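Listed below are the residues making up each chain.
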Amino acid sequence: AQKITQTQPGMFVQEKEAVTLDCTYDTSDPSYGLFWYKQPSSGEMIFLIYQGSYDQQNATEGRYSLNFQKARKSANLVISASQLGDSAMYFCAMREVNTNAGKSTFGDGTTLTVKP
Amino acid sequence: DGGITQSPKYLFRKEGQNVTLSCEQNLNHDAMYWYRQDPGQGLRLIYYSQIVNDFQKGDIAEGYSVSREKKESFPLTVTSAQKNPTAFYLCASSRGDTQIYGYTFGSGTRLTVV
């Protein structure tokens, strides 16, 4: 079974609007971290935001927030006030402490296009 | 500023050749990783190392080899046994093997077989 599932291969959003990128995960490890990375066309992966499995509150970093619903195993990324520079591929990833030697597993990504 | 340096940015390989991709970090990170990315797809783990002089195979290690003789360096060799090596290769490092730390990535090497 896929450990990380991103069901939206491509998304479009109008500039200045908010957008939600979906991510569901599968693990039996009680200790894990969830991450979102941005990959612009240049190729480099940029860390955006982190959510720990024991965190009670949703993580926020500037215009990025993570909507963490543990019971549903969901970790959606919300980008507020989209900018043209947000156009990129976005990857959801998970690190499991006890069952996967701390390695990260990545989803297949969502390509976001911001329209002017 | 600390970071990860991958070189070269572009690499062309002839059939039957071995090539080595360089990855150097000055972040004092213990763990280092190599991922392969095919067009429009996610990252697949090739090899990883959590400590100097030790490394483990990832999900797609066949046709690749690595070494970790220094904490700062984790070179990847793509051997002639790798039948379809054309891809984008990303090196990453992390402070530890717990879930707290995310990865820092290099800028990648794009390998093409000619």
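Residues numbered from 1 in each chain as written. Chains lettered and ligands numbered in written order. Predicted model: local features only at pLDDT ≥ 70, side-chain atom pairs only at ≥ 80, totals over all residues. Heavy atoms only, no water.

## Let's talk about the side chain of Ser82(A)
Our working definition: Secondary structure is summarised from DSSP: a helix means a run of H or I of at least four residues, a strand means a run of E of at least two, and numbering begins at the N terminus for each. Working rule for contacts: check all heavy atoms of both residues, and any pair within 4.5 Å makes them a contact.
Tracing the backbone through its elements, the reader meets Ser82(A) in the loop between strand 9 (74-79) and strand 10 (88-96). Setting aside chain neighbours within four positions, we find Ser82(A) in contact with Val13(A), Gln14(A), Glu15(A), Lys16(A), Glu17(A), Val19(A), Arg63(A) and Val114(A).

## Thoughts on the sheet that holds strand 8 (residues 76-78) of chain B
All names here are of chain B. Going by this rule: Only strands joined by at least two bridges in the DSSP assignment are considered to pair. Axis lines are fitted to C-alpha atoms, over the contacting stretch for helices. Their N-to-C directions set the angle, which ranges from 0 to 180 degrees.
Strands sit in the order 1-3-8-7 across an open sheet of 4 strands; the sheet is antiparallel. Where the open sheet ends on each side, the last strands, each with one partner, are strand 1 (4-7) and strand 7 (64-66). Direction aside, neighbouring strands of the sheet carry axes that sit 20 degrees apart on average. Summarising the sheet, strand 3 (residues 19-25) and strand 8 pair through 3 bridges and their orientation is antiparallel.

## Quick notes on unusual backbone geometry
Note: most peptide bonds trans; most residues except glycine with negative phi. Omega for the bond connecting Ser7(B) with Pro8(B) falls within 30 degrees of zero, at -5 degrees, which places this linkage in the cis form. Here Pro8(B) shows up in the loop between strand 1 and strand 2 (10-13). The phi angle at Ala81(A) is positive, at roughly 45 degrees, despite the residue not being glycine. Relative to the assigned elements, Ala81(A) resides in the loop between strand 9 and strand 10.

## Observations concerning the interface of chain B and chain A
Selection criterion: Simply put, the buried area is the total loss of 1.4 Å probe accessible area from both parts when two parts are fitted together. Should a side-chain nitrogen of Lys or Arg be within 4 Å of a carboxyl oxygen of Asp or Glu, the pair is scored as a salt bridge. Between N or O atoms, a polar contact is any pair within 3.5 Å; within protein, one atom must be a potential hydrogen donor and the other a potential acceptor, and residues adjacent in sequence are included only when both atoms are from side chains. Residues are grouped as follows: Ala, Val, Leu, Ile, Met, Phe, Trp, Tyr, Cys and Pro are nonpolar; Asp, Glu, Lys and Arg are charged; all remaining types, including Gly, are polar.
At the interface, 24 residues of chain B touch 23 residues of chain A. Roughly 1800 Å² of surface becomes buried between chain B and chain A when both sides are summed, with 54% attributable to carbon and sulfur atoms. Run the count over chain B and chain A and you get 0 salt bridges. Remark: the boundary between chain B and chain A carries 6 residue pairs in polar contact (both at pLDDT 80 or more). For the side of chain B that touches chain A, the secondary-structure elements that each account for two or more residues are strand 4 (31-37), strand 5 (43-51) and strand 9 (87-94) of chain B. Looking at the side of chain B that touches chain A element by element, the count peaks at 4 residues for strand 5 of chain B. Its residues placed into classes, the side of chain B that touches chain A shows 11 nonpolar, 12 polar and 1 charged.

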